[in-house]
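# Topology and contacts: notes
This is what each chain is made of:
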Amino acid sequence: MVIIDILWALVGGTVIGVLGKMLAPGDRDNIPLWLTVICGVGGVLIGTWAYTRIFGEPPPGFDWWRHAWQIATATILVMVAATLTSRRD
C-alpha cells in the first residue's frame, strides 16, 4: 500500500504543481520540472492538512474545495521557490 500512496502523491503532486505553476503570476513560475513536482507534492500535503484543520474530514469522492486548497497552496509554493531560486545579477 505504501508504494501506491507514494505513486499517487507523485502523480497528484505533478498535476497540482503544474496547475500551480500555470496560476503563478508573471515570471514567478520560472522553475524546473523537478521543483514543480516538489511544490505540487507540498501543495497536496499542506493544502489537505490546512483544509482538514479548518473544515474537518473531506467527504468521500471528489472534493473540489480540497483540491482548490491544494492548487492554491502549490501556487504559493511555486512563487516562493521561484523567488528563492531566482538569479540576482
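Residues numbered from 1 in each chain as written. Predicted model: local features only at pLDDT ≥ 70, side-chain atom pairs only at ≥ 80, totals over all residues. Heavy atoms only, no water.

Within the chain, the regular secondary structure consists of three helices and zero strands. When the helices and strands of the chain are read in sequence order from the N terminus, they spell out α-α-α. Computed over its C-alpha atoms, the radius of gyration of the chain comes to 14 Å, within 12% of the 12 Å expected for a compact globule of 89 residues. Projected onto its principal axes, the C-alpha coordinates of the chain cover approximately 50 × 30 × 20 Å. By residue count, 34% of the 89 residues in the chain fall in the buried class. Counting only contacts in the chain whose residues sit at least 6 apart along the sequence, the fraction spanning at least 24 positions is 70%. Per element, the accessible surface of the chain, about 6300 Å² overall, is 72% carbon and sulfur. With 6 positive and 6 negative side-chain charges, the chain shows a spacing of 6 Å between the two charge centroids. (Helix = DSSP H or I, 4+ residues; strand = E, 2+ residues; numbered from the N terminus. Rg over C-alpha atoms; globule rule 2.2 N^0.38 Å. Buried < 20%, exposed > 50% of the residue type's maximum accessible area, 1.4 Å probe, protein only. Contact = heavy atoms within 4.5 Å. Areas by Shrake-Rupley, 256 points an atom, 1.4 Å probe, with all protein chains shown as cover. Lys, Arg positive; Asp, Glu negative; His and termini not counted. Charge placed at Lys NZ, Arg CZ, Asp CG, Glu CD.)

Counting residues in hydrophobic clusters, the biggest one holds seven residues: Ala24, Ile31, Leu35, Cys39, Val78, Ala81 and Ala82. Every element with two or more residues in this core is listed here: helix 2 (33-55) and helix 3 (64-85). Here this core takes three residues from helix 3, the largest share from any one element. (Core = buried A, V, L, I, M, F, W, Y, C linked by side-chain atoms within 4.5 Å.)

The next subject is helix 3. Between its first and last C-alpha atoms helix 3 spans 31 Å; for 22 residues at 1.5 Å apiece the expected length is 32 Å, and the two agree. Burial in helix 3 covers these residues: Arg66, His67, Gln70, Ile71, Thr73, Ala74, Thr75, Val78, Ala81 and Ala82. Where helix 3 is buried, its residues contact helix 1 (2-23) and helix 2. (Expected span 1.5 Å × (residues − 1).)

So, about the side chain of Thr52. Positionally, Thr52 belongs in helix 2. Judged by its relative accessible area of 17%, Thr52 is buried. If near-sequence neighbours (up to four positions away) are discounted, Thr52 is found in contact with Glu57 and Pro58.

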